[in-house]
2 protein chains.
Amino acid sequence: MQTDSTKEYFSKDKAAASENTAVPENKANLKAVMETPVNERLRKQLEFSLEIDKEKNIFRQTHLSGHGRNENDAEHAWHMAIMAYLLREYANEPVDITKVMLMCLIHDIVEIDAGDTYAYDEEGLKTQKAREDAAKERIFSLLPEDQKKELTALFDEFEAYETPEARYAHSLDNLQPLILNNSNDGGDWREHGVTAETVYGRQRKTRIGSETLFRVTDAIIQENIRKGNLPEK
Amino acid sequence: MQTDSTKEYFSKDKAAASENTAVPENKANLKAVMETPVNERLRKQLEFSLEIDKEKNIFRQTHLSGHGRNENDAEHAWHMAIMAYLLREYANEPVDITKVMLMCLIHDIVEIDAGDTYAYDEEGLKTQKAREDAAKERIFSLLPEDQKKELTALFDEFEAYETPEARYAHSLDNLQPLILNNSNDGGDWREHGVTAETVYGRQRKTRIGSETLFRVTDAIIQENIRKGNLPEK
């Protein structure tokens, strides 16, 4: 895969690493390792790594296939990232797939503090931005400054919908729950009394990331209307 | 990120796509789209995407931080992939981080059929290979042939432990549950009566992927021995 430019990355990292990650050769203990100033970088990276575990407790409105339990954000992100890779040939524009996968993996981390806002929850959507901005600042600040900047920029790029990577990643953010809900006969729509009009409103942007995946989306919505799982209006 | 070689990938995909992914221009319905021969490729990709949803029901022995519930394979893979990216500067050798992240994301898919085998379950470990080989064949066969080959090769590469990417990905496969278990005062070890000797046996290979992450591992094990969470023998 992208070995050359990854090596370039690596060298850059190595330079940073050599300054920041030397560890005592003697039998270390966690307290010692974590309190060694040269390891402040590593300590922060591990603190962030532990903090994001909480994303597994943020549950969504989508249910797992087989009429399963509600899905959580970490599972959704994992599923999206794999689908993004496997379906990348359908992106409207060439994409940096590493960047897309990273966007998929981190795009919901702010919900650790801000909670999940259901796509059709109008009240929640009004305060979503402010809640997520505060969360973004707190959570990404656990990282070393360079990685805080990188992940914040990646999160903002996803939210801004302006790059091929962001547009394609959003197509997966829409399609992944759609295939689960479709496999459950549209149960999530029925539970919330959602209409096809509303679903098209949410899903229409899939088209700017992938015309092909939008056609799949359209086909799924039409089939669910026909089956009576989704009222048109 | 790795834009150039990703574009190259993309072009290759585009070629494949142009033959395989044309969809009817008329208002499609799912049945029609899925039964259109030219879309056999897309149908297979979507079937695989739905099938892997089942990985969210495969629970591990590890518990979430905050003395939470058992973690499932999809959550573990998501967590590993993000940690692999953030900690890549500590890999012993330059790695293709896209490949590492993909390995992390798919390395447990076979457990949909084979189930999770606890690292210290000696009986289960004896039959693990046969169970996972059968699962690998069934599940990856849902994909188009080229993607079946790619993901099978990636899975085998991870298992073989022979490339820098596989060795580094295994370091994360070891470290991710370790930081969760450490945050829970070693509860998973106590539950299974595991000794430090056994843990070192499992974790020693972290060193061939990352010396730095092995030092963290060593520090965590030593601290848990001192705290009485982990008997030495």
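Check the entry above for the structure.
Owing to the predicted nature of the structure, the values given are computational and were not obtained by experimental measurement.

Asks: Before we move on, could you go through the overall build of chain A and cite the residues and values that matter?
Replies: A tally of regular secondary structure across chain A gives 13 helices and two strands. The buried share of chain A, reckoned over its 233 residues, is 60%. For chain A, the proportion of contacts with a sequence separation of at least 24, taken over those separated by at least 6, is 65%. When the accessible surface of chain A is split by element, carbon and sulfur atoms take 51% of a total near 9000 Å².

Asks: Could you give me a rundown of helix 3 (residues 40-51) of chain B, with the residues and numbers involved?
Replies: The first and last C-alpha atoms of helix 3 of chain B sit 16 Å apart over twelve residues, in line with the 16 Å expected at 1.5 Å per residue. Of all the positions in helix 3 of chain B, only B:Arg41, B:Leu42, B:Arg43, B:Gln45, B:Leu46, B:Phe48, B:Ser49 and B:Glu51 are classed as buried.

Asks: Talk me through the packing of aromatic side chains; I want residue IDs and the actual numbers.
Replies: Each aromatic ring pair is specified by the distance between its two centres and by the angle formed by the two planes. Enumeration according to the criterion identifies four aromatic pairs over all chains in this entry. Every member of this aromatic cluster is reached through a ring pair, and the members are A:Phe48, A:Phe140 and A:Phe155. Positioned above the aromatic ring of A:Tyr85, the side-chain terminus of A:Arg88 is 3.9 Å from the ring centre. One cation-aromatic arrangement involves B:Lys205 over B:Tyr161; the distance from NZ or CZ to the ring centre is 3.9 Å.

Asks: An account of the pairing of strand 1 (residues 59-63) of chain B is requested, with residue identities and associated values reported.
Replies: All names here are of chain B. As paired strands, strand 1 and strand 2 (residues 70-72) are joined by two bridges and run antiparallel to one another. Looking at the pairing, His 63 lines up with Asn 70 of strand 2. Taken together, strand 1 and the strand that follows it, strand 2, pair antiparallel across an intervening segment of six residues, in which Gly 66 is found at a positive phi of about 70 degrees.

Asks: Just give me the short version of the environment of A:Leu143, but keep the residues and values in it.
Replies: The topology assignment puts A:Leu143 in the loop between helix 7 (122-140) and helix 8 (145-160). The sequence separation of A:Leu143 and A:Leu42 amounts to 101 residues, and the corresponding C-alpha distance is 9.1 Å. Residues within four places of A:Leu143 in sequence aside, it is in contact with A:Lys44, A:Gln45, A:Phe48, A:Lys148, A:Leu151 and B:Leu86.

Asks: Report on the environment of A:Ala169, specifying residues and quantitative values.
Replies: Residues and elements named next belong to chain A. When you line up the elements, Ala 169 lands in helix 9 (residues 164-183). Placed 47 residues apart in sequence, Ala 169 and Val 216 show a C-alpha to C-alpha distance of 16 Å. When sequence neighbours within four positions are dropped, the list of residues in contact with Ala 169 reads Met 80, Val 100, Met 103, Cys 104 and Phe 158.

Asks: Provide a residue-level description of the nonpolar core, including the pertinent values.
Replies: Formed by 114 residues in total, the largest nonpolar core has its most connected members in A:Ile109, A:Tyr168, B:Ile109 and B:Tyr168. Among residues more than four places away in sequence, those in contact with B:Ile109 are A:Trp78, A:Ile82, B:Phe48, B:Ile52, B:Glu55, B:Ile139 and B:Phe140.

Asks: How would you summarise the packing of helix 5 (residues 97-106) of chain A against helix 5 (residues 97-106) of chain B if you had to cite specific residues and measurements?
Replies: Their axes nearest at 10 Å, the elements helix 5 of chain A and helix 5 of chain B cross at an angle of 40 degrees. By the angle class used here, helix 5 of chain A and helix 5 of chain B are oblique. As helix 5 of chain A packs across helix 5 of chain B, the resulting crossing turns out to be left-handed. On helix 5 of chain B, the residues touching A:Ile97, A:Thr98, A:Met101, A:Leu102 and A:Leu105 of helix 5 of chain A are B:Ile97, B:Thr98, B:Met101, B:Leu102 and B:Leu105. When its residues are assigned to classes, the contact of helix 5 of chain A with helix 5 of chain B shows eight nonpolar, two polar and no charged.

Asks: With reference to specific residues and values, describe the pattern of salt bridges.
Replies: Pairing between side chains of opposite charge can happen when their charged atoms approach one another. The tally for this structure, following the rule as stated, stands at 42 salt bridges over all chains. A salt bridge links A:Glu75 to A:Arg69; its shortest N-O distance comes to 2.5 Å. Here A:Glu75 falls in the buried class, since its relative accessible area comes to 0%. The exposure class assigned to A:Arg69 is partly exposed, which follows from its relative accessible area of 29%. Linked through salt bridges whose partners overlap, the residues forming this network are A:Asp53, A:Lys56, B:Arg60, B:Glu71 and B:Asp108.

Asks: Tell me what's going on with helix 11 (residues 196-203) of chain B, and back it up with residues and numbers.
Replies: Residues and elements named next belong to chain B. Inspection of helix 11 places Ala 196, Val 199, Tyr 200 and Gln 203 among the buried residues, and these make up the whole buried set. One side of helix 11 carries all its buried residues, which in axial view fall inside an arc of 100 degrees. For helix 11, the elements touching its buried residues are helix 9 (164-183), helix 10 (187-192), helix 12 (206-209) and helix 13 (211-226).

Asks: Explain the side chain of B:Asp53 to me, using residue names and the numbers behind them.
Replies: With respect to the helices, strands and loops of the structure, B:Asp53 is situated in the loop between helix 3 and strand 1. Owing to a relative accessible area of 0%, B:Asp53 belongs among the buried residues under this scheme. Among the polar contacts listed, one links the side chain of B:Asp53 to the side chain of B:Lys56, at a separation of 2.6 Å. In contact with B:Asp53, other than residues within four places in its own chain, are A:Leu64, A:Ser65, A:Glu71, A:His79 and A:Leu180.

Asks: Tell me what's going on with the packing of helix 8 (residues 145-160) of chain B against helix 9 of chain B, and back it up with residues and numbers.
Replies: Angle between the axes and distance between the axes: these two values describe a pair of packed helices. Residue and element names in this part refer to chain B. Closest axis-to-axis distance for the helix 8/helix 9 pair is 8 Å, and the angle between their directions is 75 degrees. Judged by the angle between their axes, helix 8 and helix 9 are roughly perpendicular. Within the contact between the two elements, helix 8 uses Glu 157, Phe 158 and Glu 159 and helix 9 uses Glu 165, Ala 166, Ala 169, His 170 and Asp 173.

Asks: Quick one: what's the story with unusual backbone geometry, residue by residue and with numbers?
Replies: Excluding glycine, most residues fall at negative phi; most peptide bonds, likewise, are trans. All names here are of chain A. Even without being a glycine, His 67 presents a positive backbone phi close to 50 degrees. Here His 67 is to be found in the loop between strand 1 (59-63) and strand 2 (70-72). Accessibility expressed as a relative area gives 55% for His 67, which makes it exposed. In the Ramachandran plot, Tyr 161 falls in the positive-phi region, its phi being about 65 degrees despite a non-glycine side chain.

Asks: Provide a residue-level description of the state of the cysteines, including the pertinent values.
Replies: Counted according to the given criterion, the structure contains zero disulfides over all chains. Just so you know, A:Cys104 is unpaired, no disulfide at all, and the nearest cysteine sulfur is the one on B:Cys104, 16 Å from it. Since its relative accessible area comes to 0%, A:Cys104 is described here as buried.

Asks: Any details on the environment of A:Leu105? Residues and values, ideally.
Replies: Along the polypeptide, A:Leu105 turns up in helix 5. Sequence-wise, A:Leu105 and A:Glu47 are 58 residues apart; in three dimensions their C-alpha atoms are separated by 18 Å. Discounting chain neighbours no more than four positions away, the residues touching A:Leu105 are A:Ala77, A:Trp78, A:Ala81, B:Trp78, B:Ala81, B:Ile82, B:Met101 and B:Leu105.

Scoring rules and cut-offs
Residues numbered from 1 in each chain as written. Chains lettered and ligands numbered in written order. Predicted model: local features only at pLDDT ≥ 70, side-chain atom pairs only at ≥ 80, totals over all residues. Heavy atoms only, no water. Helix = DSSP H or I, 4+ residues; strand = E, 2+ residues; numbered from the N terminus. Buried < 20%, exposed > 50% of the residue type's maximum accessible area, 1.4 Å probe, protein only. Contact = heavy atoms within 4.5 Å. Areas by Shrake-Rupley, 256 points an atom, 1.4 Å probe, with all protein chains shown as cover. Expected span 1.5 Å × (residues − 1). Phe/Tyr/Trp six-rings, centres within 6.5 Å; stacked < 30°, edge-to-face > 60°. Lys NZ or Arg CZ within 6 Å of the ring centre and 35° of its normal. Pairing = 2+ DSSP bridges. Core = buried A, V, L, I, M, F, W, Y, C linked by side-chain atoms within 4.5 Å. Axes fitted to C-alpha atoms, helices over the stretch in contact; angles between N-to-C directions. Parallel < 35°, antiparallel > 145°, perpendicular 65-115°, else oblique. Left-handed = near helix turned anticlockwise from the far one by under 90°. Nonpolar A, V, L, I, M, F, W, Y, C, P; charged D, E, K, R; others polar. Salt bridge = Lys/Arg side-chain N within 4 Å of Asp/Glu carboxyl O. Arc of directions from axis to C-beta. Polar contact = N/O pair within 3.5 Å; in protein donor to acceptor, adjacent residues only side chain to side chain. Disulfide = S-S within 2.5 Å.

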